[in-house]
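Chain residues, written in single-letter form:
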Amino acid sequence: MSVLPETQRAWIVERRGLPSKALRLRSDWEVPSKLKEGQVLVKVQAAALNPVGYKLMKILPNFAHSGRPLPAEQDLAGVIVDGNGTHFSAGDQVFGFIPVELSQATRQGSLAQYVRMPADHLVLRPPSVSPIEAAGITLVSETAYEGLIDIGKIEAGQTVLINGGSSAVGAYAIQIAKAKGAKVVATASAKNETFVRKMGADEFIDYTKTPLHEYLAANPPSPKFHIILDAVALIDPSLYTYSPAYLAPNGIFITTGPMPKDTSGSELWKTVKTVFAAYLRPTWLGGTKRKYKIFMVKHRKSRLDDIQKMVSDGLIVPPVDSVYEFDDALKAYDRQMSARATGKIIIKVDPNVS
Ligand SMILES: NC(=O)c1ccc[n+]([C@@H]2O[C@H](COP(=O)([O-])OP(=O)(O)OC[C@H]3O[C@@H](n4cnc5c(N)ncnc54)[C@H](OP(=O)(O)O)[C@@H]3O)[C@@H](O)[C@H]2O)c1
């Protein structure tokens, strides 16, 4: 193993606020050492942003966030520096992610040159995808997979609605649903129809024209949807509360949210109303007669192995929205916070990566 530097460059989350206030680019961050059993050391080539990164910065004060200061972000592609007796060897090209709780507990994040993390959160990168493409695969593909396959139990021949087909979660969800033989209807604004169809959607709905629940109630699919996956994390319960008009009686509404954008009173109130209308309200109090499931992605090794195989087999093509230099991370966060990306926002950690 070549001699490692003692310090590294890393974008460190130091305090609550927008990324421009919360983050500081430091050159004196210690390179992780002392690997525990099952951990490896990775030299990061590229990292990807996820909305959870800036949302936690904006929402959580330091006393509620045990890990700070710590390097930002979850997703990465890189090269194994020390396999530490695991199934990886130095030089292996990998991708994976450090879930939020693990990141806080171990004070590791992917916007750093070196990361110490469990080997079972990584898989070998198929040669058909570049490190830039691979960096953004894991968190959103595991989310889409958990929603559709583990929770939704998707089956060939079913019809599913992916709300937010051009979001990163949505783009992976479309591809996973198609790989499982389902028919996919996806929403986005008109400018993203081509992108959503390229991901594999059979039908497209422009959600900006008519409120989506009204459009679907007037034009229900036949048969009705088996699964609705809300990949936008809506803080508006309407798509669920009106769903008996377009979701089959034994169907399920699955959502990655509702997630407030900040701690303003109006955002929190909308979130509380959504959770009450959709989740807590019993049917005898007028609650909707359809199954509803909110979930937070949890890593599972077997799931990531399956995703790696789907990427290898060409069933999943990782969509990249944009690529930024390491020093331009704040510009990348501006793009993420616009909520207009189609695919993943990638930051080069190694300037020479492609
Ligand atoms: N629960 C979990 O474990 C989990 C995991 C991952 C992500 N999430 C959450 O899931 C959401 C999506 O994450 P992401 O990384 O996929 O986001 P993203 O890629 O940043 O989403 C951007 C996309 O969302 C689309 N969009 C925005 N509002 C929409 C609407 N009302 N209807 C349809 N499309 C809309 C935009 O398309 P247009 O420009 O066409 O509007 C844009 O292409 C976020 O809120 C995130 O926090 C939760």
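In case you missed it, the structure is sitting above this.
Let me sum up the structure you'll find in this document. (Residues numbered from 1 in each chain as written. Predicted model: local features only at pLDDT ≥ 70, side-chain atom pairs only at ≥ 80, totals over all residues. Heavy atoms only, no water.)

Some words on the sheet that holds strand S2 (residues 23-30)
Stage number 1. Strands sit in the order S2-S1-S4 across an open sheet of three strands; the sheet is antiparallel. Pairing within the sheet leaves two strands with one partner each, and these edge strands are S2 and strand S4 (70-71).
Stage number 2. By the bridge criterion, six bridges tie strand S1 (residues 7-13) to S2 in an arrangement that is antiparallel. Within S2, the residue paired with Ala10 across the bridge is Arg26. (Pairing = 2+ DSSP bridges. Helix = DSSP H or I, 4+ residues; strand = E, 2+ residues; numbered from the N terminus.)

Looking at the site of the ligand
Stage number 1. For the ligand, the set of nearby residues contains 26 residues, the closest of which are Ser189, Lys191, Tyr207, Val297 and Ala341.
Stage number 2. Separating an oxygen atom of the ligand from a backbone N or O atom of Val297 is a distance of 2.7 Å.
Stage number 3. Gln336 has a polar side-chain atom sitting 3.0 Å from an oxygen atom of the ligand.
Stage number 4. Compared with its free state, where it exposes 940 Å², the ligand has 91% of that area covered by protein.
Stage number 5. For the shell around the ligand, the secondary-structure elements that each account for two or more residues are helix H2 (51-59), helix H5 (138-151), helix H6 (168-179) and strand S10 (183-188).
Stage number 6. Residues that form the shell around the ligand fall into these classes: 14 nonpolar, nine polar and three charged.
Stage number 7. Counting the residues that make up the shell around the ligand, at least three belong to each of domain 1 (7-137 + 318-348) and domain 2 (140-294). (Near = heavy atom within 4 Å. Polar contact = N/O pair within 3.5 Å; in protein donor to acceptor, adjacent residues only side chain to side chain. Areas by Shrake-Rupley, 256 points an atom, 1.4 Å probe, with all protein chains shown as cover. Nonpolar A, V, L, I, M, F, W, Y, C, P; charged D, E, K, R; others polar. Domains from an automatic or database assignment.)

Some points on the nonpolar core
Stage number 1. Of all hydrophobic cores here, the largest spans 52 residues; its most connected members are Leu148 and Ile162.
Stage number 2. In terms of residue count, H6 provides more of this core than any other element does, eight residues in total.
Stage number 3. Beyond its immediate chain neighbours, meaning those up to four positions away, Ile162 contacts Leu148, Gly170, Ala173, Ile174, Val184, Val185, Ala186, Thr187 and Leu229. (Core = buried A, V, L, I, M, F, W, Y, C linked by side-chain atoms within 4.5 Å. Buried < 20%, exposed > 50% of the residue type's maximum accessible area, 1.4 Å probe, protein only. Contact = heavy atoms within 4.5 Å.)

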